[in-house]
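Residue-level structural notes
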Amino acid sequence: MIISAYQTHIFILIFIYIILAVSLNLALGYTGLLNLGHVAFYGIGAYTSALLAIEGMPYLAAMIIAGLFASVFGYLLVTATDRLKGDYLAMATLGFSFVVYSLLLNLREITRGAMGIPGIPKPSILGLTVRTNDQYLIFVLLICAISVFIMYRIVKSPFGKLLEANRDNAVCLRVLGKNTFGLKYKAMMISAFFAGISGSLYAHYITFIDPTSFYISELILILTIVIVGGLASIKGSIVATAVIIYVPEILRTLDLPSSVLGPVRQALYAAILIAILMLRPRGIFGKVDLE
Amino acid sequence: MSLLAQSIINGLITGSIYALVAAGYSLIYSTNNFMHFAHGISVVAAGYMVYWLFTLAGTPFYVTCIITVILSALFGLAMYRLIYLPLQRKGASNVILLIASIGILTFFQNVIQIAFGSGVKLIGYIEVAKGITFAGITMTLLQIVILVISFIIFIMLYQFMQRTKLGRNMRAVSNNKELASIVGINHIRVSDFSFLIGSGLAGVAGILVALEQNLSPLMGTNLMIKGFTGAVIGGINYVPGSIVGSFLLGLAENLGILVLPSGYKDAIAFSMLFLFLLFKPNGILGKKEGRFDK
Amino acid sequence: MILSCKDIYKSFGGIKAIDGCSFTVAEKKITGIIGPNGSGKTTMFNVISKLIKPDSGTIEFKGQDVTGLKDYELAKMGVSRTFQDVKLFQNLTIREHLQIAMSDTDEKLLSNIFRGKEGDAQKIKEVMELVGLDKPLDTYGNDLSYGQRKLLDLAIAIAKPHTLLMLDEPVAGVNPRLRDSIKDILRELNSRGESILLIEHDMNFVMDLVDHIFVMDAGKVIAEGAPEEIQNNPCVLEAYLGGSEEGTKCL
Amino acid sequence: MRTGKFGKVAIVMLIILGILFTAGCTDTEEVTEDTGEDTITVGIMGPYTGGAAVYGNAAKDGAMLAFNEANLSNVEVIVEDTKSETKEAATAMNKMVSVDNVQAVVGDLISAATLAAAPIAEQNQVVMISPASTSTDVSDAGDYIFRTIPGDDGQGIFAAQTMSDAGYTKLALLYTNDQYGNGLATIITEEFTSLGGEIVAEETYEAGSSDMRTQLTKIKDANPEVVYIVSNTPDSSVALLRQVTEIGIEADIYGSEGLKVGSILELGDSVEGITITSVSPESEEFKQKYMDEYGEEPPAFAAQAYDAATAIIMAIEDGATNGEEIKDKLYEMEFDGASGHIKFDENGDVEGGYVLVEVQDGAFVTLEE
């Protein structure tokens, strides 16, 4: 391999987060649903897939079911929050993230609670097991390409234009005879589906998951990616994923005294983030604003 | 019996701390309408200010308090003027302000850790001792003071919002920014004041939290999440409402785990947040029409 | 009768916005609703297009009771409307606006993923010519002037498959030249057999254009008839100018 | 117009990224060439930010002490922060393995982070010695995974027996709702009940939270003779012990080694007499060395980290040049370290002894058995 295992690892994470970020952008940027519950879908996907695979289910089936199961939660979340919008939707979905986290932590019989799930098997497809990181990179790249391609087609299709129209002016769209509620369901379910897929990819890559992997710091990370990349821009989300995942890694090369190394890196990272926002308040490629 | 009574008191003590955080937060939210999560760091910074001035430098306690509240207010104003306002002027939407505020929170958390270390700090102003027991209920003098102060803040904020011109202007901006600017209210000035007062309150909260609990760089996130939850439950747009909501949250958490395993404590809080938003998005006392998607 | 509303009541808080309003719209005719500010015209429009749920009353469209339908279901049945305060879709282009209006398959997700952009270029061109909106099709909603947005709003209402066109103050705030061209557009549509219901403040515009007028005041229909009759009706003058004793008899 | 501008930005961003990646690549090669000759790189990883930062820093200081002392010319030490997060632990391990080409790592502390990094170490034949991960799952994590701290079962059984021997029969448990707390509590419950005791209350709290009053009220109401506290975030520990006093719990207080942080001593009289079940105490010699270097008593896990580093140093001094050789030497070695006698069993675990530490006159005092 030309690139080192470390870079392979970073690329794998980047590809997993690209799926996650693009799928969040589908709901947040394109459809205008201020959804802070995305990390919960990600976690649900990871747990579902891990638990099923440990029970012996073939990987691809486990991954698809993980996506579908996350999708079911997407449906339930929209059903529950149907009437809310803007900040209120954001707060309610944030609450949803917290509730799912609490459940992962407390339903010990199913999720092993705080103990986490170790030893999640590496994916095995049609008898071929993805063992090394290089193989996993190719596998993740493939899934990422397919997922992003599907989401790209969706947002560029007439259906995608409806999503954008719904974000800009839902009333006007309904008067044109479009079922905006249906649109919201579909958008959220697609978004949750891909979040579930990326959760599955994450779980089987790291091979250990616990509830803290799907909590507020993770939520902040993916939200930051989407905002920095720009709402309603798949290109933006992809570039921003690379930037946001890579910046902390560049900061590792700084030669800092070991006593302050952790906090200095994180403070610098936060400062860079604020600087990017100040320079491009709509994100790198963003054109649209939410109210 | 005393178990129940004590749990109610525990709930009130917890609630009063949430309320201190929520009051300032909701004051800022109501006039600016974006989620200023960095409010948590104002509280923490105030706590560390007390630690630095009082415990390390030996400044008299009441002088420390005054300096802390003033600096805290100015810190809030600086955040608004240096970060949020420039962003707003460039047309940034509320989601971006939210991310920026998380950036600020992370930045200062780490700055504090660099300056003071990651360890726990104690102010040491009040000796830790068994609380006063009365009719089977135990609480410390400080806790009584905190309860009373939250109550006073509640009354003062209520009076301030209803009686003073600035308070009225704040309510006007909170209800309708465009209309308020049409009638000649400068909403930037109102925002200035909301950050000053809100962050000043964070200063008060920081002092009391520092005395009642202890200090660690990361405590802001936890305080913020709970203060925010309390504010939403009570009505995030209405300051007195958010104080009531915080008390309710404290009570619900502490009474809830009398019945459920204590692991569900946070689950109770967050389920309450979720349910309130679904069924009563304006909160208990919130008056403003919720932003419903018709 | 293409549309008929019977005894519609709607109050917000304590204020009666619609207070027992009934009227009908005849097929292939232009019907106007006039009335002073706050008389409930736009509320009535919102009730008809289901954006607001009435407290009581029934609405029939093409002989069917549509009272219980949702806004988009009614729109699908063939009701098109414009808005007084046009917002449109800021981040979509003119072409995309029209494609959305014309398409009836875009809500299907799966069949859409692997199909390219659709849209009948010929029909888009026709509509654009009809309303006289002279802008490149790639212009974003954000970049249009108020008048252009009014025209685009009209264009998408026309482009959407419909049998009844409801226009909320189509010429409010537009310049006289544009007003005349809108009048011509509406005449042209009417001559093709369209049924139109419009709200308008501009009396000259209305009187010249419509076949039948309903006058609303305080949430009620206080008079109706052909334009000439209305012009001579004392109640209408009263509603607009207010005050005299004669007026109170009209209620 | 718009697309043009954004396109340019895109190109610029991609170029920057490209440069960064290539820069990273060349770095790698250089390092690989360097280490190819005779330098052996050793890593230290742990949480230096986040809730467990205090322990992370203590472990890092302890390990650094060993490396500085040994001062081997052919050993290079690098440090990585894992922010108390599993993903970060995996990233840090990957980075150290492939960029820095480490052969052995001291870390991680949190069991979850260790478990996330372990498969990478295992696959790349890099030795990993955790100074603090006590989860029983770590035993099965692989051949290359060691620890210088005994697992939860050791401490759990010791704690249960100690309390039972002291004549207590009614125990209340209060533990943090994470891997450490749950693991330890399960074992104590099993052992204590099998010894004939009774668990009268079992309460949990979120790591990092600072309000446990109602949990404590419930415990007080259950009237235990002894309360055992499992805590591994210092801010929770301090808050908790303060509230124990304020609520007025009369029962004796025992706690796990996570309580052994300097900040709880600042609570003054109210923590006097608290008994901590701690892994065997650091040697006086180590204590002195640590105090000389850092000016404070070694916090929990510093000695274990020192021993982990020492084990690696000994293996290298013994001629091991790569992870596999270090691993083989580790299974054979046996020495008296700062935290006690170190001998790794077939799971890479140490036997470890436990002692009781009591807070007396504002200091941690080891009780002689």
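Residues numbered from 1 in each chain as written. Chains lettered and ligands numbered in written order. Predicted model: local features only at pLDDT ≥ 70, side-chain atom pairs only at ≥ 80, totals over all residues. Heavy atoms only, no water.

**Section: the pattern of salt bridges**
How we decide: Just to be clear on terms, a salt bridge is a Lys or Arg side-chain nitrogen sitting within 4 Å of an Asp or Glu carboxyl oxygen. Note on classification: 1.4 Å probe, protein chains only; a residue is buried when its accessible area is under 20% of the maximum for its type, exposed when over 50%, partly exposed between these limits.
In total, this model carries 32 salt bridges over all chains according to the counting rule given. Of the charged contacts in the structure, one is a salt bridge between Arg167 of chain A and Asp168 of chain A, with a shortest N-O distance of 3.0 Å. Assessed through its relative accessible area of 14%, Asp168 of chain A is described here as buried. Within this structure, Lys161, Glu164, Arg167 and Asp168 of chain A together with Glu96 of chain C form a network of salt bridges that share partners.

**Section: the packing of helix α1 (residues 2-32) of chain B against helix α5 (residues 141-163) of chain B**
All names here are of chain B. Convention followed: Throughout, an axis means a line fitted to C-alpha atoms (over the contacting stretch in the case of helices), and angles, computed between N-to-C directions, take values from 0 to 180 degrees. The helix and strand labels rest on DSSP assignments: H or I over at least four residues marks a helix, E over at least two residues marks a strand, and numbering proceeds from the N terminus. Our angle categories are set so that under 35 degrees counts as roughly parallel, over 145 as roughly antiparallel, 65 to 115 as roughly perpendicular, and the remainder as oblique. Each crossing gets its hand from how the near helix is turned against the far one by less than a right angle, where anticlockwise is left-handed and clockwise is right-handed. Only heavy atoms enter the contact rule, under which two residues are in contact if any of them lie within 4.5 Å. Here the term charged refers only to Asp, Glu, Lys and Arg, the term nonpolar to Ala, Val, Leu, Ile, Met, Phe, Trp, Tyr, Cys and Pro, and the term polar to all other amino acids, Gly among them.
The N-to-C vectors of α1 and α5 enclose an angle of 30°; their axes lie 9 Å apart at closest approach. Between α1 and α5, the angle is such that the two are roughly parallel. Considering how the two elements wind past one another, α1 and α5 form a crossing that is left-handed. Touching Leu12, Ile13, Ser16, Leu20, Ala23 and Leu27 of α1 are Gln143, Ile146, Leu147, Ser150, Ile153, Leu157 and Met161, all from α5. Per-class residue counts for the contact of α1 with α5 are 10 nonpolar, three polar and no charged.

**As for empty space enclosed by the protein**
How we decide: The distinction between a cavity and a pocket rests on a 1 Å grid over the protein atoms alone: a 1.4 Å probe fits inside a cavity but cannot get out, while a pocket stays open yet meets protein on both sides within 12 Å along at least five of seven lines, and a residue with an atom within 4 Å of a point counts as lining. Grid points are joined across faces, edges and corners, and a volume is the space filled by probe spheres set on the points.
The final tally for this structure, using the stated rule, is 15 cavities of 30 Å³ or more. Each pocket or cavity is described by its volume, and for the second largest cavity that value is around 280 Å³. If you trace the second largest cavity, you find 24 residues lining it, with Asn222 of chain B together with Gly208, Ser209, Ser210 and Asp211 of chain D closest to the centre. Where the lining of the second largest cavity is concerned, the elements lending two or more residues are α1, α9 (219-234) and α11 (265-279) of chain B together with α7 (213-222) and α8 (234-247) of chain D.

**A closer look at the sheet that holds strand β9 (residues 252-255) of chain D**
Two orientations exist for strands paired in a sheet by backbone hydrogen bonds: parallel and antiparallel. Residue and element names in this part refer to chain D. This is how the line gets drawn: One bridge is not enough; two strands pair if DSSP finds at least two bridges between them.
One open sheet accounts for seven strands, arranged β7-β6-β8-β9-β10-β13-β14; its pairing is mixed. Each edge of the sheet is formed by a strand with only one pairing partner; in this case those strands are β7 (198-205) and β14 (363-366). Across this sheet, the average inter-strand angle for adjacent strands is 25°, counted without regard to direction. Relative to strand β8 (residues 226-230), strand β6 (residues 170-176) runs parallel, the two being bridged by five bridges. Paired with Leu174 across the two strands is Ile229, which belongs to β8. Each of β6, β7 and β8 touches helix α6 (residues 179-194); the most contacted strand, β6, lies at about 165° to it. Contacting β6, β7, β8 and β9, α8 runs over the sheet at an angle of about 165° to β8.

**Some details on α1 of chain B**
Residue and element names in this part refer to chain B. Note the cut-off: Each residue after the first adds 1.5 Å to the expected span of a helix. Here the bend at a residue means the angle between the axes of two seven-residue stretches, the one that ends at it and the one that starts at it.
For α1, spanning 31 residues, the distance from its first C-alpha to its last is 44 Å, which sits close to the expected 45 Å at 1.5 Å a residue. Along α1, the helix axis deviates most sharply at Ala22, where the bend reaches about 25°. Counting buried positions over the 31 residues of α1 gives 26, a clear majority of the element. Asn33 sits one or two positions beyond α1 and adopts a positive phi of about 60°.

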